[in-house]
Amino acid sequence: MNISFNLNGSATNLEVAPGESLLQALRASRVFSVKLGCETGDCGSCTVLLDGQPVNSCMVVAARVNGSHVTTMEGLLGDDLMIRLQTELVEHGAVQCGYCIPGLLISLYALVKQGPSCGGEIDEEVIRHALTGNLCRCTGYVKPVEAARAVVAAMEVPK
Ligand code: FES
Ligand code: FES
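Quantities reported herein were computed from a predicted structural model and do not represent experimental measurements.

**Q** Please explain the overall build of the protein chain as it appears in this structure.
**A** The helix and strand tally for the protein chain stands at five helices and five strands. Seen in sequence order, the protein chain has helices and strands lined up from the N terminus as β-β-α-β-β-β-α-α-α-α. A compact globule built from 159 residues should have a C-alpha radius of gyration of about 15 Å, and the protein chain, at 16 Å, falls within 12% of that. For the protein chain, the C-alpha atoms occupy an extent of roughly 50 × 35 × 30 Å along the three principal directions. Of all 159 residues assigned to the protein chain, the portion counted as buried reaches 43%. For the protein chain, the share of sequence-separated contacts (at least 6 apart) that also reach a separation of at least 24 residues comes to 55%. Accessible area of the protein chain: about 8,300 Å², with a carbon and sulfur share of 52%.

**Q** Would you explain the sheet that holds strand β1 (residues 2–7) in this entry?
**A** Hydrogen bonds between backbone groups are what pair the strands of a sheet, and the pairing can be parallel or antiparallel. Spatially, five strands are ordered β2-β1-β5-β3-β4 in an open sheet, and the strand pairing comes out mixed. Looking along the sheet, the strands with just one partner apiece sit at the ends: β2 (10–15) and β4 (53–56). If you compare each strand with its neighbour and ignore which way they point, the axes differ by 40° on average. Here strand β3 (residues 47–50) runs beside strand β5 (residues 69–71); their pairing, made up of two bridges, is antiparallel. Each residue of the ladder has a partner; that of Leu49, found in β5, is Thr71. Packing against the sheet, helix α3 (residues 101–114) makes contact with β3, β4 and β5, and its axis sits at approximately 40° to β3.

**Q** Is there a simple way to think about the nonpolar core in this case?
**A** Note on soluble globular proteins: their nonpolar side chains tend to be buried together. In terms of nonpolar packing, the biggest core is built from 28 residues, with Leu85, Leu89, Leu105, Leu108, Tyr109 and Ile127 touching the most fellow members. Listed by contribution, the elements that provide at least two residues to this core are α2 (80–91), α3, α4 (124–130) and α5 (142–155). In terms of residues, this core owes the most to one element, α3, which gives nine residues. If near-sequence neighbours (up to four positions away) are discounted, Leu105 is found in contact with Met73, Met82, Leu85, Gln86 and Leu89. In this structure, Ile3, Leu26, Val55 and Val70 belong to the second largest nonpolar core, which totals 20 residues.

Procedures and definitions
- Residues numbered from 1 in each chain as written.
- Chains lettered and ligands numbered in written order.
- Predicted model: local features only at pLDDT ≥ 70, side-chain atom pairs only at ≥ 80, totals over all residues.
- Heavy atoms only, no water.
- Helix = DSSP H or I, 4+ residues; strand = E, 2+ residues; numbered from the N terminus.
- Rg over C-alpha atoms; globule rule 2.2 N^0.38 Å.
- Buried < 20%, exposed > 50% of the residue type's maximum accessible area, 1.4 Å probe, protein only.
- Contact = heavy atoms within 4.5 Å.
- Areas by Shrake-Rupley, 256 points an atom, 1.4 Å probe, with all protein chains shown as cover.
- Pairing = 2+ DSSP bridges.
- Axes fitted to C-alpha atoms, helices over the stretch in contact; angles between N-to-C directions.
- Core = buried A, V, L, I, M, F, W, Y, C linked by side-chain atoms within 4.5 Å.

Here's what the structure looks like:
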């Protein structure tokens, strides 16, 4: 079937097979920031924004995004907040093998952009909760969390 959706700001038409996942469809379209990991919804390496919300693209049937907005790292490369997150991750030494990083960045981006779903401030606990779906075998999460806290602290308006 043919689907029409907005991919990273551009109207996009794709021919997808019944049951094909959004992850498969994106990678077949050369959107390679979306990583293939577990394909069971457990690792978060395939995280994208679907209508602004982070989702595991391996668990989304591609046909479901017809008429929606899908955003991947490729669509956020010039975004100020994403640049700040990327810079802090690098400066904190939070990028090792890098396989988890695009998905992890998408989750952090959604958190900082939208705030916690329960309201309140973005503290360490909230950041760790936002990353529970993004497995990282290398960093132990300490450095990514520190990097996210640095971004949030820099955005806070002094009282
Ligand atoms: S590949 Fe999608 S959650 Fe692991
Ligand atoms: S940096 Fe290697 S899995 Fe996260």
